[in-house]
Amino acid sequence: MKRTVVMTILILLVASVWFWPRHEVGLRVIVMAAHSGSMGGRDAAMVETLRRTLNRVTESNVVVEVVDSLLSRDDMQMRFDEILAKGPVAAVLGCGDSACVRQVLPVLEQSDLVLLYPGSSEGLFKSRHVIHLGVVANQYLFPAVSWVRQNLGGRIQFLGTESARSAMLLRLISRQLLVTRDAQIVASDFMSNIEQLPSIIDKINFFKADVLVMDACEWMFDRQFNRELSKTGVKIFSLCVDQSPPSGVDMYFISHYFENPHNHEIHRLKADLRDDLDGLTILSELSATWLGEAFNRGRTLDNRSLLEFVLGRNALTAGGAITVDHAFQGTWHTLYIAQVRNNEQQLLWISNTAIRPVMFPGLEAPSDWLHNLTIYWRNAGGLWRATSVGKH
């Protein structure tokens, strides 16, 4: 009798454990995004793309923790510590530009996390904690300047923002790409607030350069900025490879995305996201897809397994075929130069093959580049971009 009772209790215990509701931990992800300024609108769309893609791809519940990329380094570290105290995080996604990456990089290294970065940059990164999916300077700046000199003229006026990216791009152009007598930088400006615009317009009208090469991506969709630039009649060439040109503004641009009607990935993405596409959106979707697929394989994900999954990987995106470099330099991309006129795009140039990424291009050693970046950071008061950039 006693044996029967004991056996019955054991059976009930085993059954209760087997059928007890299970709460799966799922995939936990940190997303870096600006919460304010002109970058806030851009990054809000990026966060929505990441959320939607993770929920579509991942065979489990997804927890997304959004961290403001405009936080100070100390506040950002505190926010990461709070999130990690709740449980392990598989990876970090997001960051709409390289200023965000440089701000979060020490926190990534301290927290031992990997960022799948979908944006472009000036390059000049050296870290196993960043997988650079976007294009770097040797892939877009070098062919852009070469094409500009051949087709638009050699007298170039440069317009950037008060940021490390623009400062390093101008250094590359002036010291390495315009070394012949038939080309020169006639003027350069770094715009941090809208009050500088009248002075910049005066310079454009005074110098009458052949072309305005523009890296002022944070002002790309500011109506006043675009209206005043259009009035000058200057030819504009945009280096903002992650953003499609704004409606109603005529300009030339280089990008790793061009709307080819024969690319089926473009139609699929537009249907899934129900929005217009640009370089940042395309690679944000890819980063979330790869993270979800990597998680689905093993249900657990650490830095080593994520790197093994991504490095050397190929993909057909809405921008064309890409390959993540085995040497961890970045990602191989096809580049396009096009013109927008009367809201219609015309393809003018395409690279013959995917261009290999080089993090430290040109004649200066990596240590020299990092030294120049450190000088910029110190002179800017410990910032990679002025806090007023993109704000009225």
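Just so it is clear, the structure is predicted and the values come from calculations on it, not from any experiment.

Bringing the pattern of salt bridges into the picture now. With the rule as written, the count across this model stands at 22 salt bridges. The partner of Arg-268 in a salt bridge is Glu-285, with the nearest N and O atoms 3.2 Å apart. Placement of Arg-268 in helix H9 (residues 264-273) and of Glu-285 in helix H10 (residues 279-298) is noted, with a sequence separation of 17 residues between them. We note a salt bridge from Glu-308 to Arg-304, for which the minimum N-O separation is 3.3 Å. Of this pair, Glu-308 and Arg-304 are both found in helix H11 (residues 303-310), four residues apart, which corresponds to roughly one turn of the helix.

Turning next to the state of the cysteines. Within this structure, the stated rule accounts for two disulfides. Each sulfur in the disulfide pair Cys-217 and Cys-240 lies 2.2 Å from the other. Judged by the sign of its S-S torsion, about -100°, the cystine formed by Cys-217 and Cys-240 is left-handed. One end of the pair, Cys-217, is in the loop between strand S8 (211-214) and helix H8 (223-232); the other, Cys-240, is in the loop between strand S9 (236-238) and strand S10 (251-255), with 23 residues separating them in the sequence. Residue class for Cys-240 comes out buried when judged on its relative accessible area of 2%.

Moving on, we get to the sheet that holds strand S14 (residues 336-341). Strand order across the open sheet formed by seven strands is S7-S6-S8-S9-S10-S14-S15, with mixed pairing between neighbours. Strands at the two margins of the open sheet, each flanked by one partner only, are strand S7 (184-191) and strand S15 (344-350). Each strand axis lies, on average, 25° off the axis of its neighbour in the sheet, ignoring direction. As paired strands, strand S6 (residues 155-161) and S7 are joined by seven bridges and run parallel to one another. The residue bridging Gln-157 from the neighbouring strand is Ala-187, located in S7. Together, S6, S8, S9, S10, S14 and S15 form the strand contacts of helix H5 (residues 137-151), whose direction differs from that of S10 by roughly 145°. Docked against the sheet, helix H7 (residues 197-207) engages S6, S7 and S8, running at close to 170° with respect to S7.

Cut-offs used in this document
Residues numbered from 1 in each chain as written. Predicted model: local features only at pLDDT ≥ 70, side-chain atom pairs only at ≥ 80, totals over all residues. Heavy atoms only, no water. Salt bridge = Lys/Arg side-chain N within 4 Å of Asp/Glu carboxyl O. Helix = DSSP H or I, 4+ residues; strand = E, 2+ residues; numbered from the N terminus. Disulfide = S-S within 2.5 Å. Buried < 20%, exposed > 50% of the residue type's maximum accessible area, 1.4 Å probe, protein only. Pairing = 2+ DSSP bridges. Axes fitted to C-alpha atoms, helices over the stretch in contact; angles between N-to-C directions. Contact = heavy atoms within 4.5 Å.

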